Amino acid sequence: KFQAFGDLRPIRQDPINIHDVLTQVKRVAKAGYASNIKFVEDYDPSLPFVRGDGELLFQVIQNLLKNAAEATPENGGQITLATTFKQGMRVAVGQKTSEALPLHVAIIDNGPGVPESIKEEVFEPFVTSKMNGSGLGLSFVSKVITDHGGAVEYNRSNGRSKFILMLPRSYKELN
């Protein structure tokens, strides 16, 4: 994970079916660290392809899923994977342009959430609430998503923690 911070190569711009990535990550999670957790899928079936690097997006979602799994209660842990298409979401890129970020991927868990004391800087390096955490996981997530031209946010409501990846769509078709 740490080597990604020094990798200055441009991000791949492949058309990625984010549902395939979510399915792969969920399969890995269910076979190991999230074997006792109930998964709920709430996918938008008409979602277009994401523009990006499938391997890096896998690592990002794996990281968020692992955090969610560690946060959920021992019994009754639940993680929801949700995708939505939201027109009108834009982020500034440079001085004069903005990028549309209509593809939203949410990882929602029923754990206690990020402590209030670190909520504002949760995506900064070396910030962690875990006893043996490095504090690099969420900064890695933030860096990769930013490198994709996207954004990531955290919020908490109704007793659930929600990490949302906002990503650009691909206008290329699969080869």
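Up top you'll find the structure we're talking about.
Caption draft 1: Region of interest: the nonpolar core. Judged by nonpolar contacts, the single largest core of 38 residues is most densely connected at Ile79 and Leu165. Secondary-structure elements contributing two or more residues to this core are α1 (18–31), α2 (54–71), β4 (78–85), β7 (103–109), α3 (137–147), β8 (151–157) and β9 (160–167). Top contributing element to this core by residue count: α2, with 8 residues. Contacts of Ile79, omitting those with residues within four sequence positions, involve Ile37, Lys38, Phe39, Val40, Leu65, Ala68, Ala69, Thr72, Ile107, Ile108 and Asp109.

Caption draft 2: Representation of the packing of aromatic side chains. Applying the stated criterion to the full structure yields 1 aromatic pair. Summarising the aromatic geometry, the rings of Tyr154 and Phe163 are spaced 4.8 Å apart at their centres and angled 45° between planes, so their arrangement reads as tilted. The pair Tyr154 / Phe163 is uniform in exposure class, with both members buried. Above the plane of the ring of Tyr33 lies Lys66, whose end atom (NZ or CZ) is 5.6 Å from the centre.

Caption draft 3: The arrangement of unusual backbone geometry in detail. For Asn158, which is not glycine, the phi torsion reads 50° and is therefore positive. Its location among the elements puts Asn158 in the loop between β8 and β9.

Caption draft 4: Up close: the environment of Tyr43. Positionally, Tyr43 belongs in the loop between β2 (38–42) and β3 (50–52). As for Tyr43 and Ala106, which are separated by 63 residues in sequence, their C-alpha atoms are 9.9 Å apart. Once residues lying within four places of it in the same chain are set aside, the contact partners of Tyr43 are His19, Leu22, Leu81, Ala82 and Thr83.

Caption draft 5: View of the pairing of β8. Inspection of the sheet shows β8 paired to β9 by 7 bridges, in the antiparallel sense. Following the sheet pairing, Arg156 is matched in β9 by Ser161. As consecutive antiparallel partners, β8 and β9 are separated by 2 residues, and within that stretch Asn158 has a phi angle of approximately 50°, a positive value.

Caption draft 6: Structural detail: the side chain of Ser161. Topologically, Ser161 is positioned in strand β9. Within polar-contact distance, the side chain of Ser161 engages the side chain of Arg156 at 2.8 Å. Ignoring any residue separated from it by four or fewer positions in sequence, one finds Ser161 in contact with Ile107, Ile108, Asp109, Gly111, Gly113, Val114, Tyr154, Asn155 and Arg156.

Caption draft 7: Spatial organisation of the sheet that holds β8. Spatially, 5 strands are ordered β2-β4-β7-β9-β8 in an open sheet, and the strand pairing comes out mixed. At either end of the open sheet lies a strand with only one pairing partner, and these are β2 and β8. The average undirected angle you get between the axes of adjacent strands in this sheet is 15°. Of the strands in this sheet, β2, β4 and β7 are in contact with α1, which crosses β4 at around 175°. Sheet contacts for α3: β8 and β9; angle to β9, the most-contacted strand, approximately 25°.

Caption draft 8: Up close: the pattern of salt bridges. Under the criterion given, the structure shown has 4 salt bridges. Of the charged contacts in the structure, one is a salt bridge between Asp14 and Arg12, with a shortest N-O distance of 2.7 Å. A relative accessible area of 24% means that Asp14 is categorised as partly exposed. Where Lys143 meets Asp147, a salt bridge forms, and the shortest distance between an N and an O atom there is 2.5 Å.

Each value, and the rule that gives it
Residues numbered from 1 in each chain as written. Predicted model: local features only at pLDDT ≥ 70, side-chain atom pairs only at ≥ 80, totals over all residues. Heavy atoms only, no water. Core = buried A, V, L, I, M, F, W, Y, C linked by side-chain atoms within 4.5 Å. Buried < 20%, exposed > 50% of the residue type's maximum accessible area, 1.4 Å probe, protein only. Helix = DSSP H or I, 4+ residues; strand = E, 2+ residues; numbered from the N terminus. Contact = heavy atoms within 4.5 Å. Phe/Tyr/Trp six-rings, centres within 6.5 Å; stacked < 30°, edge-to-face > 60°. Lys NZ or Arg CZ within 6 Å of the ring centre and 35° of its normal. Pairing = 2+ DSSP bridges. Polar contact = N/O pair within 3.5 Å; in protein donor to acceptor, adjacent residues only side chain to side chain. Axes fitted to C-alpha atoms, helices over the stretch in contact; angles between N-to-C directions. Salt bridge = Lys/Arg side-chain N within 4 Å of Asp/Glu carboxyl O.

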